[in-house]
Structure formats: structure tokens, C-alpha cells
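Given next are the chains, with one letter for each unit.
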Amino acid sequence: MKQLAWASIYKDEAACGGQELRNPKFGRAVATVLSSVIFFAFALRLHWFVGAFTAEDADLVNAVAGKLHREQCDLFKGEWIANPEGPAYTNESCRFIEEFRDCMTNGRPDTEYLYWRWKPYDCESPLFNAKKFLNSMRNKSWVFIGDSILRNQFSSLLCLLSKDAEVVREETYRSIICHFPSYNFTLTAISAPYLLKATDEYVNVTVHLDAIDPLWTSRYDDYDYVVISGGHWFLKTTIYCENDTVIGCFYCYGMNLPEFPCDFLYRKALQMAFRFILSSDHKPLVLFRTWNPDHFEFGGWFDGGVCNRTKPYKEGEYGGHDVGHLMRGVEIEEFEKAVAVGAENGTRIRLLDTYHLSVLRPDGHPGSYRLHHPDFSKRLKNDCLHWCLPGPVEAWNDIVMEMLVNEGDLKYSS
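Residues numbered from 1 in each chain as written. Predicted model: local features only at pLDDT ≥ 70, side-chain atom pairs only at ≥ 80, totals over all residues. Heavy atoms only, no water.

A few words on the sheet that holds strand S4 (residues 168–172). Spatially, S4-S5-S6-S3-S9-S12-S13 is the arrangement adopted by the 7 strands of the open sheet, whose pairing is mixed. Each edge of the open sheet is held by one strand with a lone partner, namely S4 and strand S13 (348–352). Each adjacent strand pair in this sheet contributes to an overall mean axis angle of 15°, direction not counted. Bridge count for strand S9 (residues 225–228) against strand S12 (residues 285–289) is 4 bridges, and the pairing is parallel. By the bridge assignment, Tyr225 is partnered in S12 with Leu285. Packing of helix H8 (residues 322–345) onto the sheet brings it into contact with S12 and S13, and relative to S13 it is tilted by some 155°. This element, helix H10 (residues 393–407), spans strand S3 (141–146), S9, S12 and S13 of the sheet and lies at about 145° to S13. (Pairing = 2+ DSSP bridges. Helix = DSSP H or I, 4+ residues; strand = E, 2+ residues; numbered from the N terminus. Axes fitted to C-alpha atoms, helices over the stretch in contact; angles between N-to-C directions. Contact = heavy atoms within 4.5 Å.)

Okay, here's the thing in C-alpha cells:
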């Protein structure tokens, strides 16, 4: 991302039966207990019959019971636990790590941030299995549509997959396309940080609130799986227009234009994007990834903010910045509206809610190690927004794989 207006993050966010049975909390508690009893009774009954079945039948029973358990599990509520095995790849084994995310090559001395994995409270989320993923994705294609943070996740997935397959990489206008010839599988990243039509300038970008970015919409029918995300560029100095007429801006003091709050602008973009997805005759599986938290302390991007912690937070130690809660709230509201419509017309939109698990990882950012062996005698701008590779982002892809299992699009036994 280019020159985010991080000072805006720290502004005031206002701008951008019986009585027991009629008690909603009591009713929810009863429903929770009953659902748990029914599930375990059903699972127990299934396993009671296993002895009379063949091994294949037993595997089927276990798969059904496991699927029921996964469907009850919230993959996004959990904790970071020690992972002595360490990362699935390194800066030496993956040649696709971008320079600014390659913390190990850039001289980061501590390595503890590499030895954690995400553990949901109520189930196991297996670590990413590249061979099983690729076997399930033969003759299919994925696209990541969004900003540099989503490309961070794309690069992580590419590193996970490239261990087990040949990759042919090419770059086109605002796109990275990776082919896996042995599987006829394609992985693409499209840069569309606003999701809307926008100019290519680095400063004073102009965005059309009434037009979707044609770079991704024109190719939407090519993909079987879509991961989409955005948000942070709406904190950048930007001019907005409708009907090719400038109507206002964000963080543009001195331009004599009406100032729009960031949440209003982001909501407009999401509404446009979801409207396109829902109205399309093409129906891929769409994963909408939520807001990415930053961990700047003692300042922001341009005024000396740092992120030098070396361990994850424990639950309750840190909840994120106000702007993150504001923008994620917009995301959840618009996502829920889209899901309701999608349920009627066959559009599969799922929430990849990585916000909370990422909030707990202040140790996973490049910080000053976004450059090779930085000279600490000079004042550097720390990167406390993107993520080191390898690092916490691998958990995002672990969850993606488990979501595919829950959807029936991928089997761990393949």
C-alpha cells in the first residue's frame, strides 16, 4: 500500500411457557444444551454400529460425525498455541516471498513468532496440506481480489503450494498469475484495493463510487473460487466522484471539498461489489475476508509507530483500534445482507473472519525488518500492518482449507 493516511486512524471514529422460557438468554442456553446432547447421542449411536460395519462403512460414519462436529465449531474463536514443528516453509524454501515481507532475509533476529498455530476452542483446524489441496483443485482456478494485504495471503498460499508442485509465474497489468501445470490449476492475484474503478495515481487517487473495477469483474467468470477483501485504502487521501463529477473526498484538507467518513465510503464499495457478485450468473465460492488489524504503538505509520513485541497477545489483552471495529462492523452488516440474498439465488458467500485471530498477533509484522538489515541509526517507517512470511497469515490459509472441507469442496482423505 502506498502512503496510507494513518493519522486518520487515530481520529474520532464518529466521523469516518413460563417466565424462564420467555427469557431469551435462558432459551438460548437450553437450545445450546439440547443441541449438544442430540449431537453426542447421535455420534455415539453411529459409533455403536461401527463394529457391525466394514472398515469402509466405519470411515463413512467417522466422516459424518466429524462433519457434524466441524459444523458446530467456530473456526474464528480460539487461541494461539505453541507449534514446535515450526513453519511449513522458510525464506530459503520459497522463492515467492516479496522483499518487504521477507523478515528473515531482512535480518529479523528473533524467531519465536514462527512457532505458533491457531487452535479453535471447540475443534481442531488441521494445518494446511498442500498435496490434498492441489489434488482437490485439479482443473480449477482461484483469484484473490483486493489490496496488498490480500496479496500477503496470496503469497503465503503460493509458498505453501510451491513445495509440492512446479509453478509458472507471470505478471500482467495489476495481476500476478501462477500456473500449476501438473494439476491444471491457476492461482491469481488482482490488485483492486478499492474494489471500485479508480485512477492509478499514488497520491490524490480518484475513485468512482458508482462503478466497479472492470479489471476483476471482466474476468470474474474465469474463477471457481474467489477471495475478496479491501478497506485500508479508504483511509488514504482520496477524491470521490459519481457520474464523472467530483462529489467529495477523504482526508483531503485544503481541497475545499466535502469530507466523507471512511465507513460511508467503504460501505458504498462493498454494496457495489456484493451487488455485482449476487447478480452474476456465474456462481463460484466467494470467501469475504474481514478487516486486517494493525499493531502500531506509540504512533502511526508516519510518526514513529512501532511493533516490536515478540509474543502473541492472550485473550483480552488487546482488542484493536477503534477504526478496525468501525470498518469491520460495516463489513459484517453488508456481508449479512449479501448472504440473505445469496441464499435465495444460489450464490455462496462465506465469511473468512480473520480479524480476531490476527488482533492477537502483534509479533507477526515486519516492523523495521521490511528492509534488508536496516540501519537503526536512521529513522525508519515501521510496517505494522502487513505480515512476515512465513508468519501468522498461514493460519488464514489453514482455515480456508477447513472451510472448503465444510463446504464439501475438498476432502482431507483425497
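Alright, that's what it looks like, and here's the rest.
You can see His179 is positioned in strand S5 (residues 175–180). The partly exposed category is assigned to His179, whose relative accessible area is 28%. C-alpha of His179 to C-alpha of Val168: the two residues are 11 residues apart in sequence and 5.0 Å apart in space. Excluding residues that lie within four positions of it along the chain, His179 makes contacts with Glu166, Val167, Val168, Glu170, Phe185 and Thr186. A polar atom in the side chain of His179 sits 3.0 Å from the side chain of Glu170. (Buried < 20%, exposed > 50% of the residue type's maximum accessible area, 1.4 Å probe, protein only. Polar contact = N/O pair within 3.5 Å; in protein donor to acceptor, adjacent residues only side chain to side chain.)

For the rest of this paragraph, the subject is the packing of aromatic side chains. Describing an aromatic ring pair means giving the distance of the ring centres and the angle of the ring planes. With the rule as written, the count across this model stands at 22 aromatic pairs. For the ring pair Phe234 and Tyr266, a centre distance of 5.4 Å and an interplane angle of 40° mean the geometry is tilted. Of this pair, Phe234 sits in the loop between S9 and strand S10 (238–242) while Tyr266 sits in helix H7 (residues 262–279), and the two are 32 residues apart along the sequence. A single burial state applies to Phe234 and to Tyr266, both of which are buried. Three or more aromatic residues link up through ring pairs in this structure, and these residues are Phe128, Phe133, Trp142, Phe144, Phe154, Phe180, Phe185 and Tyr225. Of note, Arg108 hangs over the ring of Tyr113, and the distance from its end group to the ring centre comes to 3.8 Å. Lying across the ring of Trp80, Arg361 places its NZ or CZ 4.5 Å from the centre. (Phe/Tyr/Trp six-rings, centres within 6.5 Å; stacked < 30°, edge-to-face > 60°. Lys NZ or Arg CZ within 6 Å of the ring centre and 35° of its normal.)

This next bit is on the pattern of salt bridges. In total, this model carries 16 salt bridges according to the counting rule given. Among the salt bridges present, the one from Arg108 reaches Asp110, with a minimum N-O distance of 2.8 Å. Between Arg309 and Glu297 there is a salt bridge; the shortest N-O distance is 2.9 Å. Of the two residues, Arg309 sits in the loop between S12 and H8 while Glu297 sits in the loop between S12 and H8, which places them 12 residues apart along the sequence. For Glu297, a relative accessible area of 18% corresponds to the buried category. (Salt bridge = Lys/Arg side-chain N within 4 Å of Asp/Glu carboxyl O.)

To continue, consider H8. Between its first and last C-alpha, H8 extends 35 Å over 24 residues, near the 34 Å set by a 1.5 Å rise per residue. Its buried side turned inward, H8 meets H7, S12, S13 and helix H9 (355–359). Directly beyond the C-terminal end of H8, a positive phi value near 85° is found at Gly346. (Expected span 1.5 Å × (residues − 1).)

A few words now on the nonpolar core. Phe133, Trp142, Leu161, Phe180, Phe185 and Leu187 are the most contacted members of the largest nonpolar core, which totals 59 residues. At the level of secondary structure, the elements contributing two or more residues to this core comprise helix H4 (130–136), S3, helix H5 (148–162), S5, strand S6 (185–191), S9, S12 and H10. For this core, the element with the highest residue contribution is H10, accounting for 9 residues. Discounting chain neighbours no more than four positions away, the residues touching Phe185 are Phe133, Leu134, Met137, Lys140, Ser141, Trp142, Leu161, Cys178, His179 and Phe180. Formed by 46 residues, the second largest nonpolar core is a distinct cluster that contains Tyr194, Tyr220, Leu270 and Ile277. (Core = buried A, V, L, I, M, F, W, Y, C linked by side-chain atoms within 4.5 Å.)

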